[in-house]
Structure formats: C-alpha cells, structure tokens
Amino acid sequence: MLDDMLRQALRSQAPMLWINPGVRTQPELFDPALIDQAEQRLKRAAPLLAAGSPALAACDGVVESPLLPADALRDAYGGQGQWLLKADHRLPLAGSVKARGGFHEVLEFAEYCAREHGWQGEDFRELGSAQWRACFSGYQLVVGSTGNLGISIGLMARVLGFAAQVHMSQDAKDWKKALLREQGVDVVEHGGDYAAAVAEGRRLAEAGPQSHFVDDERSSSLFAGYAVAARRLLPQLRELAIEVSARRPLLVYLPCGVGGAPGGIAYGLKQLLGDAVHVWFAEPVASPSVLLQLAAGLEQPLSVYDIGLDNRTLADGMAVAQASMLASNAMQDRLAGVFTVSDAQLQRGLALAWGTLGERLEHSACAGFTGPGWLMESEPGRQWCLAQGVNPAQAVHLLWSTGGGLLPDSEFEAWLHQAQSELP
Ligand SMILES: *Cc1c(COP(=O)(O)O)cnc(C)c1O
C-alpha cells in the first residue's frame, strides 16, 4: 500500500529523497551463481568480440569503462568528500551501461544456438567462422527499447551474424534508429510508450521459433551481465588507492529506469562489498517507477500512471512507467534509497559534466549528480547518514554515468546550448 503523504509528494513532482526501509517480504528471485557464469562467458568471448569489430579489437574484446576522478564536478556542486565518475558512456561499441548486460545475453544465445547445432567446443573464437555466422543468420534477436538497449543488442547481434529486430517507441531518437538501420537492424516503430513497444516485441518473438526476445523487465541473463560491472570496479578502485570498508563505505549513485542495469550493478556491488557500499538510485520526477514499486510493496505491479504522473522526461533512457519486478525484488533489502530529479537538474548536470570534466553525457547519465547533496543537505539524508555511521564529507561518492557515448555532435551541442541558456 502506498502511503498518502508519499503519493502527494510524488505527484507534486518536486525532487525528493526516499529512504528504503530495506525489509525483505518476498523470496529472492535471482540466482547469484549466474553472475559467475556471466563473468566467465564475457571473458571467454573476448577474443571473438575483438575479431568481430574494430571498436572491440581496440580493447581486446574486454568491454569496460574507465573510473575517472570527478572532484572538479564536486566543486561545481559545492560537494564534499571524493567524487568519481564511472564512465559507462565510454563503453566500447554500445556507448552506454547497456553494453555488459546486452552483450552477455546475445553471447549466451549464440552459445545456446551453437550447442543446439552440436557445438561442443569451449573456445568462442570458433563461433566467428563463416559456418557459424551462416547458422546464426537464421536466428533473430528481438528487443523492445527506448534506445540504448536496442543499440547494445542490435549491434552485438550483427557483430555475431544474427538478424536483429528492435521495437522502439515514438519518443526514441531519430539518430538511434538511423544508426541501427545502417548496421542492418530491422527497426520497428510504435505509437505507444516504451511498455507498448516491449509488449509488441515480446508477442512477435514468441510467435517465431527462431527468435529470442530480450526481456528488459525479466531477463536474468541481462541482470547477470550488468552485475559483472562490480567485479571490474574493485580493481579500478584499488588502482586509485581507494580503500573501501564498512568504516569508510563507498556511496554509489545510479540512474534508474526499469531497474535492470542499476539493479544488476547494485546486486553485484552488495555481493562483493556488503556493508562497505551503499547504493542509491536516481529517477526522473515524472517516472519514479522503482521508488513507487518498493514503497508500495511487491505484491502487485504499480505504474507511475496509476498515481497520476505522465512519465515525460528529458531522460529518455529512464522514461519507464513500470519497474522490473526482478530488479525491484533484488533491491528490496539491498538498495539504500531513491532520489528523484527534475529536467532542470538533468540539464544542469549535462552542462557541468561538460564544463568541468569535458565528458559528453546524455541527460539520463547525469541523474545521479544530485545524490551527494541529498545526503549532506536534506533532513532525511542527514538522519540516514547518522544512523549508518556515514560521514558524507569524508566519503567516496561514485557517480555512475550511463550513456551518451554515441551521441552525434549536433545532438549534444543542441542539448548543451539549451541547458546553458536555461541555467541561472
Ligand atoms: C538503460 C539506461 C538507464 C537505466 O537502466 P534501467 O535498466 O532501465 O534501469 C539509465 N541511463 C541510461 C542512459 C540508460 O540507457
């Protein structure tokens, strides 16, 4: 049941901080052994990926992003502690946080198809041969997406020789559609919102035996692939000589749409670091889908439309009315809380990331930037810090950038110009 005061606060669309009570009421849905398998699969596939595309050859098929110092951004926000930017907008080929999960699911499907056809090997490089590519061309990956997941799945499918069909909502950007079509991906446009595109994609894929539907709301393969990010982050922290412990915990701020990508990352981080990490999600004021689902309880699905919100935001990667139940379930006793962000805050973030760090982000990718401020300056945030024994002025704040790497210059410059003209 949703508390009336919370409902009013969400309906007002004023940015807010919600603390997760963190009580598990439902049995766990996700099997943590899948993360080890995903990590191994991505590792084994690296030579295949490197051979399949120039962008992936440049990183030896290891799809990872840098961890960047972001104290200049901190200063622009008047923040404290140490700030870092996990630059997933720089992930090779896909240019967004969707790379690890999406690539993993396509690779898992490739392995499945090959096994069905009698492959008993271990070396993924064999799957790059003309014979296997011809086999894969008889199969199709299908996905519903506002953009970045479609790009991740579509491009990786094409790298391996699969057919790919991406169902997009009308609010998806033209350049994303063009990019996919250039690579031979079949882009199908839908009049409704994101959920309608997903539903239609699922229906069509289920009708075809040679089709595999990548289910953003329910896929354990995606979720496990996202979670691998945590395994890669720990050595990066060590390289920067950052010690993480329960006494000096890492605070992580993740932009959230349906909850899969941030949920997987959060799951992976909690699995490795436990009480030494606290994870916060950022959602648009018009699309607080995971906040709503966790606050109302997981007995039944609830959408932001149900409380009178319109799901309209500049952050198209996060315009999701209904949370993933898999992700909500996993976050029930792992997530610290959720804060909401206005379009104006996203614009400010975009301009400041460019101005202070020279990083070109999309609006969604900036959603986490207001997180440290909530902990320092708001009453519920300060209370939470006290209760957890966290001193935000001395903590390491990790802002997870989620996308923008493939943005055309013209698109980014138009956004930047608009953001700068609307800033005070
Ligand atoms: C997909 C995406 C998110 C959120 O991921 P979900 O799995 O939908 O929660 C955030 N930012 C960007 C840029 C994305 O593409």
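Residues numbered from 1 in each chain as written. Predicted model: local features only at pLDDT ≥ 70, side-chain atom pairs only at ≥ 80, totals over all residues. Heavy atoms only, no water.

Concerning the nonpolar core
Now for step 1: Of all hydrophobic cores here, the largest spans 139 residues; its most connected members are L160, F162, L269, F281 and W400.
Now for step 2: Top contributing element to this core by residue count: helix α10 (residues 220–239), with ten residues.
Now for step 3: Among all residues touching F281, those that are not within four sequence positions of it are L254, C256, P262, G263, A266, V290, M331, L335, G337, V338 and F339. (Core = buried A, V, L, I, M, F, W, Y, C linked by side-chain atoms within 4.5 Å. Buried < 20%, exposed > 50% of the residue type's maximum accessible area, 1.4 Å probe, protein only. Helix = DSSP H or I, 4+ residues; strand = E, 2+ residues; numbered from the N terminus. Contact = heavy atoms within 4.5 Å.)

Description of the site of the ligand
Now for step 1: Taken together, the neighbourhood of the ligand is formed by 16 residues, with K98, N148, G257, G259 and A261 sitting nearest.
Now for step 2: Within the contact set of the ligand, an oxygen atom lies 2.7 Å away from a side-chain nitrogen or oxygen of K98.
Now for step 3: One of the backbone nitrogen or oxygen atoms of A261 is found 2.8 Å away from an oxygen atom of the ligand.
Now for step 4: When the free accessible area of the ligand is taken as 370 Å², the share hidden by the protein chains comes to 98%.
Now for step 5: Because more than half of its atoms lie within 2 Å of the grid, the ligand is assigned to the largest cavity.
Now for step 6: When residues of the shell around the ligand are assigned to their parent elements, the largest contribution, three residues, is made by helix α11 (residues 260–273).
Now for step 7: Class assignment for the residues of the shell around the ligand results in six nonpolar, eight polar and two charged. (Near = heavy atom within 4 Å. Polar contact = N/O pair within 3.5 Å; in protein donor to acceptor, adjacent residues only side chain to side chain. Areas by Shrake-Rupley, 256 points an atom, 1.4 Å probe, with all protein chains shown as cover. 1 Å grid on protein atoms, 1.4 Å probe; cavity = no way out; pocket = protein on both sides within 12 Å on 5 of 7 lines; lining within 4 Å. Sits in = over half its atoms within 2 Å of the grid points. Nonpolar A, V, L, I, M, F, W, Y, C, P; charged D, E, K, R; others polar.)

Digging into the packing of helix α7 (residues 148–160) against helix α8 (residues 174–182)
Now for step 1: At a minimum axis separation of 10 Å, α7 and α8 run at an interaxial angle of 5°. The angle between α7 and α8 falls in the class roughly parallel. The residues of α8 that touch α7, namely those facing N148, G150, I151, G154 and L155, are W175, K176, L179 and L180.
Now for step 2: Residues of the contact of α7 with α8, tallied by class, amount to five nonpolar, three polar and one charged. (Axes fitted to C-alpha atoms, helices over the stretch in contact; angles between N-to-C directions. Parallel < 35°, antiparallel > 145°, perpendicular 65-115°, else oblique.)

Some details on the UniProt feature "modified residue: N6-(pyridoxal phosphate)lysine" (unreviewed entry) in the chain
Now for step 1: The positions that UniProt labels "modified residue: N6-(pyridoxal phosphate)lysine" (unreviewed entry) are, in the present scheme, K98.
Now for step 2: Under the relative-accessibility criterion, K98 is labelled buried at 14%.
Now for step 3: Sequence-distant contacts of K98, defined by excluding residues within four places in its chain, comprise F103, N148, L149, S152 and Y226. (UniProt positions renumbered as here; feature names shortened; annotations may be inferred.)

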